[in-house]
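# Examining the three-dimensional arrangement
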Amino acid sequence: MTNVISTSVQETATLNKFEKLKAEKDGLAVKSELGHFAQVGWEAMDKTDRDHRLKWLGVFFRPVTPGKFMLRLRMPHGLITSQQLRLLASIIQRYGDDGSGDITTRQNIQLRGIRLEDIPDIFEQLESVGLTSVQSGMDNVRNITGSPVSGIDAHELIDTRDLVQQVQDMITDRGQGNPEFTNLPRKFNIAIEGGRDNSVHAEINDIACVPAYRDGVLGFNVLVGGFFSAKRCEAAIPLDAWVSPEDVVAVCRAILEVYRDHGLRANRQKSRLMWLIDDWGLEQFRAAVEERMGRSLAQAAPKDELDWDKRDHIGVSPQAQAGFSYLGIHIPVGRLYATDMNELARLAEVYGTGELRLTVEQNVIIPHIPDSRLEACLAEPLLSDRFSVNPTPLMRSLVSCTGAQFCNFALIETKSRAVALVQELEAELEIPKSVRMHWTGCPNSCGQPQVADIGLMGTKARKNGKAVDGVDIYMGGKVGKDAHLGTCVMKGIPCEDLKPVLTKILVDTFGAQPKVSA
Ligand code: SRM
Ligand code: SF4
C-alpha cells in the first residue's frame with residue numbers, strides 16, 4: 001500500500017522509532033496479512049506488526065493480557081443500532097470471562113478478550129452491519145464526536161450526524177482505510193458540536209467545530225490545537241475562521257493535510273497539532289489551511305452559540321418530537337458485558353426504534369420512546385438491578401479510563417477503585433448535587449481529569465519510604481459554556497489516604513455534609 005506522505009518530510013525529520021516503522025510499511029498494509037498472522041499466531045508474528053501496525057486496524061496487543069487483544073471500534077457521533085450492539089455482544093460472548101466492552105471517553109466502544117485468529121471473521125461481521133474499527137489507533141484520527149442528542153434535542157442548532165459521518169468517510173475512505181491519512185505525525189481528535197451545551201468537550205480536540213451565526217447564517221466557528229499529553233495540556237484556540245456546514249469536510253481535510261505534511265515529527269512529545277501552530281504562528285497556519293482549501297476562509301463569528309451548562313442526559317428527557325422522550329442510562333465507568341449489551345439492545349427495540357447513543361461520560365441513551373411506553377420501560381429490571389436512570393450524585397458523573405486492568409501505561413488501577421471509593425464516600429456523605437469526578441491511570445489523561453470538578457491522575461506516591469499507588473488531584477475544570485481546564489492542586493496523595501482528602505474537598509467545596517446515622 002502506498003504511503004502518500006511526501007518523502008521530503010521523511011528525509012528531513014530525524015526519524016524516531018514510530019516514524020521509522022511508518023516509513024518502512026504503512027500501518028494499513030497489515031490488513032491483507034491478517035490470514036497469515038492468524039496462521040503463525042500472536043507469539044510468532046512480527047513484533048512491530050503486532051504491537052504497533054495492528055492498531056491501524058483498531059486491534060491492540062495488550063501486554064497486560066498477552067494473546068487477548070483489544071478491538072477499538074469507530075462509533076461516529078456515538079450512534080449505534082441494536083443490531084450492531086447485539087453483534088458486539090456475540091463477539092465478546094465467545095470469550096467467556098475474558099470478554100467485555102467499555103464505552104470510551106470518545107463515545108466509542110472497545111472490546112476485550114479478542115483472539116487474533118478470529119479477527120478476519122470479526123471484520124467481516126462488522127462490515128455486514130456497517131461498523132469499522134479502521135484507523136482508530138496510533139497516528140490516525142480518533143472517533144469523531146458529536147452531541148449524543150443530535151436530531152432529538154429541541155434546542156439543537158445544527159443536526160451534525162451526517163456531517164460527522166461524512167468527515168469519517170473522508171478520513172477512512174468509507175471505512176475501507178485511507179492511506180492519505182494513515183501517516184499523521186501523531187494522534188488527532190475531531191469534535192463537531194451542533195448543540196448549545198458543548199456536550200463533546202470541544203475545547204480538548206485538535207479540531208472543534210462549534211455552532212455560530214455569521215451574518216445571520218448558522219455555521220461553525222473552528223477551534224484548533226486542543227489536546228492533552230503527559231507533558232502539556234492545552235485548550236483549543238480559535239482559528240478565526242467560520243465555515244458553513246457544507247464546508248466542514250473541506251476544512252477538516254485541509255487542516256489534516258497541513259498537519260500531515262508539515263506537523264513536527266522528530267519528537268513525539270511535540271508532535272500534536274498545537275506544536276505546529278506554536279512553531280508557525282496562527283496566521284501562517286491559517287494561511288496554509290486556506291491554501292489547501294483553494295479559497296479564503298471567512299473570519300470567525302464574533303461569538304459562538306455555546307451558551308448552556310453541560311447536560312448529562314441521565315434519566316427521562318422530552319424530545320424535540322412531541323410525545324417522545326429519550327432515556328439516559330448510567331453505566332458505571334462505561335463497563336459492559338455481553339448480557340448488558342443484549343439487554344440494552346432489547347430495550348431499544350421494545351421501547352424505541354432500535355437506536356442507541358453513547359456519551360463521552362461513558363453512558364447510553366435510548367431515544368424515541370413514546371411517552372405512553374415510558375412507565376413500562378422504567379419498570380424493566382435492567383434499570384433497577386444492573387444500571388440506573390437516577391444514580392447517586394457522585395456515581396452519576398463518574399468517568400474513568402481503562403487503568404491497570406488492561407493498560408500497560410497505567411500507574412494505578414482506576415475503574416474498580418473509582419467505583420469502590422464513590423460507594424464509600426456516598427455511604428458517609430450527603431452530597432447536594434452531582435460532582436464530576438474523572439479518574440485517569442497515568443498522565444496521558446485519557447480519563448480527562450482536567451475537565452472534571454475533581455480529577456484524579458494516577459501516579460506513584462511515597463509512603464513510609466515505599467512507592468505506593470497514588471494520585472495527583474486536579475480541580476476547577478469547567479465544561480459546557482465558557483469551558484476551561486482544571487489544574488493540579490495536590491500531588492502524590494497515596495490512594496489509601498484518599499478518602500479523607502476527598503471527603504474534605506467534598507465538604508469544603510461542594511457542600512457535602514456527613515450523613516446523620518439513624
Ligand atoms: Fe487514550 C493512549 C485508552 C481517550 C490521550 N489511550 C491510549 C492507549 C491506546 C495506550 C495503550 O496502548 O495502552 C489506551 C488503551 C488502553 C486500553 O486498553 O483501553 C488509551 N484513550 C483510551 C480510552 C479507551 C480511555 C477510556 O477508558 O475511555 C479512550 C479511547 C477513546 C477512543 O474511543 O478513541 C481514550 N486518550 C483519550 C483522551 C480523551 C479524549 O480524546 O477526549 C485523551 C486526551 C485527549 C487527547 O488525546 O488530546 C487520550 N491516550 C492519550 C495519550 C496522550 C496523547 C499525547 O498526545 O501524548 C496516549 C498516549 C499516546 O498516544 O502516546 C493515549
Ligand atoms: Fe492507559 Fe494512561 Fe490512558 Fe488510562 S490514561 S487508558 S492508564 S494510557
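Residues numbered from 1 in each chain as written. Chains lettered and ligands numbered in written order. Predicted model: local features only at pLDDT ≥ 70, side-chain atom pairs only at ≥ 80, totals over all residues. Heavy atoms only, no water.

### A few points about the domain arrangement of the protein chain
Heads up, the rule is: Annotation comment: domain bounds sourced from an automatic or database domain assignment. Note on definitions: a residue-residue contact is assigned when non-hydrogen atoms from the two residues lie within 4.5 Å. Buried area: the accessible surface (1.4 Å probe) lost by two parts on joining, summed over both.
Here the domain parsing of the protein chain yields domain 1 (9-293) and domain 2 (396-514). Centre-to-centre separation of domain 1 and domain 2, based on C-alpha positions: 27 Å. If you look at the interface, domain 1 gives 20 residues, while domain 2 gives 21 residues. Taken together, the two surfaces of domain 1 and domain 2 that pack against each other cover about 1600 Å², and 61% of this comes from carbon and sulfur.

### Topic: the packing of helix H8 (residues 248-262) against helix H10 (residues 282-293)
The condition that has to hold: Fitting a line to C-alpha atoms yields each axis, with helices limited to the stretch in contact; the angle taken between N-to-C directions then spans 0 to 180 degrees. Comment: elements are numbered from the N terminus, with helices defined as DSSP H or I runs of at least four residues and strands as E runs of at least two. Throughout, a crossing is termed right-handed when the near helix is turned clockwise from the far one, and left-handed when it is turned anticlockwise from it by less than a right angle. Gly is put with the polar residues, along with every residue not named as nonpolar or charged; the nonpolar set is Ala, Val, Leu, Ile, Met, Phe, Trp, Tyr, Cys and Pro, and the charged set is Asp, Glu, Lys and Arg.
Put simply, H8 and H10 touch, their axes get as near as 9 Å, and they point 115 degrees apart. Crossing hand, H8 versus H10: right-handed. Residue-level contacts link Ala250, Val251, Ala254, Ile255, Glu257, Val258, Arg260, Asp261 and His262 of H8 to Phe285, Ala288, Val289, Arg292 and Met293 of H10. Classifying every residue of the contact of H8 with H10 by side-chain character gives 9 nonpolar, 1 polar and 4 charged.

### Describing the nonpolar core
Keep this limit in mind: For our purposes a nonpolar core is just a set of buried Ala, Val, Leu, Ile, Met, Phe, Trp, Tyr and Cys residues, chained together by side-chain atoms within 4.5 Å. Buried, partly exposed and exposed residues are distinguished by accessible area as a fraction of the type maximum, computed with a 1.4 Å probe on protein chains only: under 20%, between the cut-offs, and over 50%, respectively.
Counting residues in hydrophobic clusters, the biggest one holds 55 residues, and the most contacted among them are Leu54, Leu88, Leu111, Leu126 and Leu344. Residues contacting leucine 88, with those up to four places away along its chain left out, are Leu73, Met75, Ile80, Ile109, Leu111, Leu126, Leu131 and Met341. If you look at the next biggest cluster of nonpolar residues, it comprises 42 residues, including Val222, Ala241, Tyr259 and Met293.

### A word on the site of ligand 1
The cut-off we apply is this: Consider each residue's heavy atoms; a residue with any of them within 4 Å of a molecule or strand counts as near. Polar contacts, as used here, are pairs of N or O atoms within 3.5 Å; protein pairs need one atom able to donate a hydrogen and one able to accept it. Residues neighboring in sequence count only if both atoms are side-chain atoms.
The environment of ligand 1 is formed by 32 residues, the closest being Thr104, Arg112, Lys187, Thr402 and Cys446. The side chain of arginine 186 places a nitrogen or oxygen atom 3.0 Å from an oxygen atom of ligand 1. Counting only elements with at least two residues in the shell around ligand 1, the list comes to strand S2 (69-72), strand S5 (109-114) and strand S10 (227-228). Residues of the shell around ligand 1, tallied by class, amount to 10 nonpolar, 13 polar and 9 charged. Counting contributing residues, the shell around ligand 1 receives three or more from each of domain 1 (9-293) and domain 2 (396-514).

### Notes on the sheet that holds strand S12 (residues 237-243)
Selection rule: By definition, two strands form a pair when at least two bridges between them are found by DSSP.
Across the sheet, 5 strands lie side by side as S6-S7-S8-S9-S12; this open sheet has mixed pairing. On the outer flanks of this sheet lie strand S6 (145-146) and S12, each paired with one strand and no other. In the sheet, strand S9 (residues 217-224) pairs with S12 via 4 bridges, with the strands oriented antiparallel. Opposite valine 224, over in S12, you have isoleucine 237 as the bridge partner. Against the sheet, helix H7 (residues 161-172) touches S6, strand S7 (190-192) and S9, its axis set at about 155 degrees to S7. Across the face of the sheet, H10 comes into contact with S9 and S12 while running at roughly 30 degrees to S12.

### Considering the site of ligand 2
Residues in contact with ligand 2, as listed here, are Cys401, Thr402, Gly403, Cys407, Phe409, Ala410, Thr440, Gly441, Cys442, Asn444, Ser445 and Cys446. For the shell around ligand 2, the per-class residue count stands at 6 nonpolar, 6 polar and no charged.

### As for the packing of aromatic side chains
The test is simple: Only the six-membered ring of Trp is used, alongside the rings of Phe and Tyr, when aromatic pairs are assigned; centres must lie within 6.5 Å, and planes under 30 degrees apart are stacked while those over 60 apart are edge-to-face, with the rest tilted. As a reminder, the over-ring test applies to NZ of lysine and CZ of arginine, requiring each to be within 6 Å of the ring centre and within 35 degrees of the ring normal.
Evaluation of the coordinates by the stated rule reveals 3 aromatic pairs. For the pair phenylalanine 188 and tyrosine 259, a centre-to-centre distance of 5.2 Å together with 45 degrees between the ring planes defines the contact as tilted. Residue phenylalanine 188 is located in the loop between H7 and S7, and its partner tyrosine 259 is located in helix H8; the two are separated by 71 residues in the primary sequence. Ring-pair connections join several aromatic residues into one group, and the members of that group are Trp42, Phe61 and Phe69. The aromatic ring of phenylalanine 61 is capped on one face by arginine 50, whose charged end is 3.9 Å from the ring centroid. Between the NZ or CZ atom of arginine 232 and the centre of the ring of tryptophan 275, over which it lies, the distance is 4.4 Å.

### What about unusual backbone geometry?
The phi angle at aspartate 173 is positive, at roughly 50 degrees, despite the residue not being glycine. Overall, aspartate 173 belongs to the partly exposed group, its relative accessible area being 42%. In this model, arginine 174 sits at a positive phi of 55 degrees, which is unusual for a non-glycine residue. As for its position among the elements, arginine 174 is in the loop between H7 and S7. The class for arginine 174 is exposed, based on a relative accessible area of 63%.

### With respect to the sheet that holds S2
Spatially, S1-S2-S5-S4-S15 is the arrangement adopted by the 5 strands of the open sheet, whose pairing is antiparallel. Each having just a single partner strand, strand S1 (59-60) and strand S15 (335-336) make up the two edges of the open sheet. Each of S1, S2 and S5 is contacted by helix H6 (residues 119-128), which is oriented at about 20 degrees to S2, the strand it contacts most.

### Some details on the side chain of arginine 112
Mapped onto the fold, arginine 112 is located in strand S5. Aside from chain neighbours lying at most four places away, what touches arginine 112 is Arg62, Phe69, Met70, Ile92, Tyr95, Asp98, Gly99, Ser100, Asp102, Thr402 and Phe406.

### Here's the deal with the pattern of salt bridges
Condition: The working definition used for a salt bridge is a side-chain nitrogen of Lys or Arg within 4 Å of a carboxyl oxygen of Asp or Glu.
Applying the stated criterion to the full structure yields 50 salt bridges. Notably, a salt bridge pairs lysine 68 with aspartate 98, separated by 3.5 Å at the nearest N-O pair. Separated by 30 residues along the polypeptide, lysine 68 in the loop between S1 and S2 and aspartate 98 in the loop between helix H5 (82-93) and strand S4 (100-103) bring together distant segments of the chain. Residue glutamate 180 pairs with arginine 253 through a salt bridge whose shortest N-O separation is 2.9 Å. In this pair, glutamate 180 sits in the loop between H7 and S7 while arginine 253 sits in helix H8, placing the two residues 73 residues apart along the sequence. Residue arginine 253 is classed as partly exposed on the basis of its relative accessible area, which comes to 26%. Each of Glu180, Arg253, Glu257, Arg260, Asp261 and Arg292 takes part in salt bridges that share partners, so that together they form one network.

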